[in-house]
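The primary structure of each chain is shown beneath.
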Amino acid sequence: MKKYQWGDDIPIIEAHSMKKHEVLKAYLREYIRVVGRSHYVQDSLTLTLIDGFAGGGVYKLEGGNSLHYGSPLIFLQTAKEAEASLSLERPDRPFTLDSRFVFVEKDAQLLKFLQNALIQEGYGPYFNERIFLMGGEFENKVDDIIKLIKLKGRAWRCIFLLDQYGYSDVTFDTLRKIFPHLPNAEVILTISIDLMTIFMSDSTKFQQLYNNIGFSLDTSSLPEDKAQQKWRFHIQHQLEQDFKYKSGAKFYTNFWEFAHNFSEK
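Residues numbered from 1 in each chain as written. Predicted model: local features only at pLDDT ≥ 70, side-chain atom pairs only at ≥ 80, totals over all residues. Heavy atoms only, no water.

Caption draft 1: Structural detail: the nonpolar core. Judged by nonpolar contacts, the single largest core of 39 residues is most densely connected at Phe138, Phe160 and Phe215. No other element matches the six residues that helix α4 (residues 138-150) contributes to this core. Non-local contacts of Phe215, meaning those with residues more than four positions away in its chain, are made with Tyr167, Phe172, Ile191, Met196, Tyr210, Leu239, Asp242 and Lys246. In this structure, Ala54, Val58, Leu97 and Leu161 belong to the second largest nonpolar core, which totals 38 residues. (Core = buried A, V, L, I, M, F, W, Y, C linked by side-chain atoms within 4.5 Å. Buried < 20%, exposed > 50% of the residue type's maximum accessible area, 1.4 Å probe, protein only. Helix = DSSP H or I, 4+ residues; strand = E, 2+ residues; numbered from the N terminus. Contact = heavy atoms within 4.5 Å.)

Here it is, written out as structure tokens:
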């Protein structure tokens with residue numbers, strides 16, 4: 001699995017990323033529809049959407065120059081569409097989605113690329129009011145994001161998209177920091193189990209890495225498990241237990257293809 005690169009040219013999006021984007025759109029639409037309807041007696045819903053690994057914002061489709069929106073623009077576009085859809089359901093009292101967007105990217109070049117993409121799509125006037133770009137590692141920005149969310153409203157509804165490139169950029173310590181401070185937070189987290197297995201070993205170095213993340217992986221039987229193709233079941237089962245008892249989330253859903261909570265990338 002390779003990381004997308006933005007530079008002189010725009011990267012071509014791969015099928016697995018397009019599928020995840022479809023899931024993201026569908027989940028966000030449904031979230032706003034369900035929560036927005038529950039706020040029928042009110043005229044607005046305050047919601048913050050956070051992309052912890054934002055990337056460059058746009059891709060090319062295979063075989064042409066047509067553009068495909070990345071997750072930051074999907075957040076912006078889908079939120080607008082969902083707001084309009086709910087307003088049509090209640091013409092006597094139009095619905096307002098009071099949304100804010102936080103896009104975090106550690107690579108300064110990619111963050112600049114994303115900024116330019118947002119400006120080209122007409123979102124420049126919203127910077128630092130509704131759209132916040134943050135440079136640096138996501139885990140180093142969590143405290144700032146929590147403070148930003150708490151500046152508005154009382155429910156502090158938010159969705160964190162943590163589409164990391166592998167499996168080691170988000171720790172359980174970070175998840176346990178989010179949920180107590182933001183009880184209505186939802187986290188969409190991806191994990192590459194294939195990549196995890198490639199680098200997994202029973203060495204002290206890798207055991208320490210897994211311990212730092214918070215995984216409880218017993219690698220003592222790894223060679224035998226790999227040989228007998230049992231490694232995937234072993235890892236998935238243990239991750240299920242870790243998320244259940246270590247994440248701090250009251251509820252979670254795991255899908256091992258493409259998911260709207262904890263999933264394989």
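Caption draft 2: Region of interest: the confidence of the model for the protein. Of all residues in the protein, 87% attain a pLDDT of 70 or more, and the chain-wide mean is 84. The weakest mean pLDDT in the protein belongs to strand β9 (residues 262-264) at 36; the strongest belongs to strand β5 (residues 131-135) at 98. Contacts from residues 258-265, a stretch scored under 50 in pLDDT, to residues over four places away or in other chains number 42 contacts. (pLDDT = per-residue confidence, 0-100.)

Caption draft 3: Spotlight on the environment of Asp9. Of note, Asp9 is situated in the segment before α1 (15-38). Between the alpha carbons of Asp9 and Tyr59 there is a distance of 9.5 Å; along the sequence they are 50 residues apart.

Caption draft 4: Up close: α1. Spanning 24 residues, α1 covers 35 Å between terminal C-alpha atoms, matching the ideal 34 Å at 1.5 Å per step. Of all the positions in α1, only Ser17, Lys20, His21, Leu24, Tyr27, Leu28, Tyr31, Ile32, Val35 and Gly36 are classed as buried. (Expected span 1.5 Å × (residues − 1).)

Caption draft 5: Region of the structure containing empty space enclosed by the protein. Taken as a whole and judged by the stated rule, the model has four cavities of 30 Å³ or more. Computed from the structure, the second largest cavity encloses a volume of approximately 90 Å³. Contributing to the lining of the second largest cavity are 11 residues, with Gly52, Phe53, Glu105, Lys106 and Tyr165 lying nearest its centre. Of the residues contributing to the lining of the second largest cavity, the split by class is four nonpolar, two polar and five charged. (1 Å grid on protein atoms, 1.4 Å probe; cavity = no way out; pocket = protein on both sides within 12 Å on 5 of 7 lines; lining within 4 Å. Points joined across faces, edges and corners; volume = space filled by probe spheres on them. Nonpolar A, V, L, I, M, F, W, Y, C, P; charged D, E, K, R; others polar.)

Caption draft 6: Broad picture of the side chain of Asp242. By the secondary structure assignment, Asp242 is in helix α9 (residues 231-246). With a relative accessible area of 2%, Asp242 lands in the buried category. Excluding its chain neighbours within four sequence positions, the residues that come into contact with Asp242 are Phe172, Gly214, Phe215, Ser216 and Ser247.

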